[in-house]
Amino acid sequence: MSRDRIAGIDRRRLYLAGGLCALGVGLGVARYVVTRPQPPAGNPLPVDFGDLVPGKLLTVDWHGRSVWLLRRSADEIAGLAGYESELTDPMSEHSLQPPACRNAHRSLRPELFVAIGQCTHQGCPPALRSAGNRSEFLCPCHTSKFDLAGRVFRMGPAPANLVIPEYRFDGDSRVVIGEA
Ligand code: FES
């Protein structure tokens, strides 16, 4: 068999593998979009976060769901840019959040991140950890990673960003989860 022919077969295999890979990712996102729940709402739960220091994660139980509150420092807010190409859905177009949270920091106010603490792959609880010069959430089950806005990195199997529930501010140090 000629070298050109062998190279042609290898190229075709490469294209086929690339195509199947893209199809797999596409199907994963489509399945998530079709089966995803509506933005969680209802059963309002007031939470005081006045004592929450930057970098510390507060987890509250919201009628059986873990909800995170993370106070982000100015550096962490500024650090939420510059690596968009590593993210699956940097603009949160295919992820679940209230419309007012579809922004770069995925929150009503940049300094406070509120999210459901459940990986969008199979629901494991990711953990906050420091990774080099930035912090992130790492899911221990299949190593999906999320940034401090809950945006998922491409390298893992989770198809979408962390889910943001409905919430509103009630003053400067209290939020009501479940209420818009
Ligand atoms: Fe999180 Fe699979 S459940 S990566």
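Relevant structure appears above.
Being a predicted model, the structure only gives us computed values, none of them experimental. (Residues numbered from 1 in each chain as written. Predicted model: local features only at pLDDT ≥ 70, side-chain atom pairs only at ≥ 80, totals over all residues. Heavy atoms only, no water.)

Trainee: Would you mind showing me how to read the state of the cysteines here?
Mentor: By definition, a disulfide links two cysteine residues through a covalent bond between their sulfur atoms. Counting across every chain of the model gives one disulfide. One disulfide bridge connects C124 with C141, the sulfur atoms lying 2.0 Å from each other. Where C124 bonds to C141 through sulfur, the torsion about that S-S bond is close to -90°, and the disulfide is left-handed. Here C141 lies in the loop between β6 (134–138) and β7 (145–146) and C124 lies in the loop between β4 (112–116) and β5 (127–131), a separation of 17 residues in the sequence. Overall, C124 belongs to the buried group, its relative accessible area being 16%. Judged by its relative accessible area of 36%, C141 falls in the partly exposed class. (Disulfide = S-S within 2.5 Å. Helix = DSSP H or I, 4+ residues; strand = E, 2+ residues; numbered from the N terminus. Buried < 20%, exposed > 50% of the residue type's maximum accessible area, 1.4 Å probe, protein only.)

Trainee: What exactly am I supposed to notice about the sheet that holds β4 here?
Mentor: Strands sit in the order β2-β3-β4 across an open sheet of three strands; the sheet is antiparallel. Unpaired on one side and paired on the other, β2 (57–62) and β4 mark the two borders of the sheet. For this sheet the average axis-to-axis angle between neighbouring strands, irrespective of direction, equals 20°. Of the strand pairs in this sheet, β2 and strand β3 (residues 65–71) are connected by six bridges, and their pairing is antiparallel. (Pairing = 2+ DSSP bridges. Axes fitted to C-alpha atoms, helices over the stretch in contact; angles between N-to-C directions.)

Trainee: Sorry, what's going on with the pattern of salt bridges here?
Mentor: Counted according to the given criterion, the structure contains eight salt bridges. In this structure, the salt-bridge partner of E86 is R134, at a minimum N-O distance of 3.7 Å. With E86 in the loop between α2 (74–78) and β4 and R134 in strand β6, the pair connects residues that are 48 residues apart, well separated along the chain. Residue R134 is classed as partly exposed on the basis of its relative accessible area, which comes to 30%. R129 is the salt-bridge partner of E136, the closest N and O atoms lying 2.5 Å from each other. Judged by its relative accessible area of 36%, R129 falls in the partly exposed class. A network of salt bridges, in which partner residues are shared, links D48, D170 and R174. (Salt bridge = Lys/Arg side-chain N within 4 Å of Asp/Glu carboxyl O.)

Take it as geometry only, folks, not as evidence of what the structure does.
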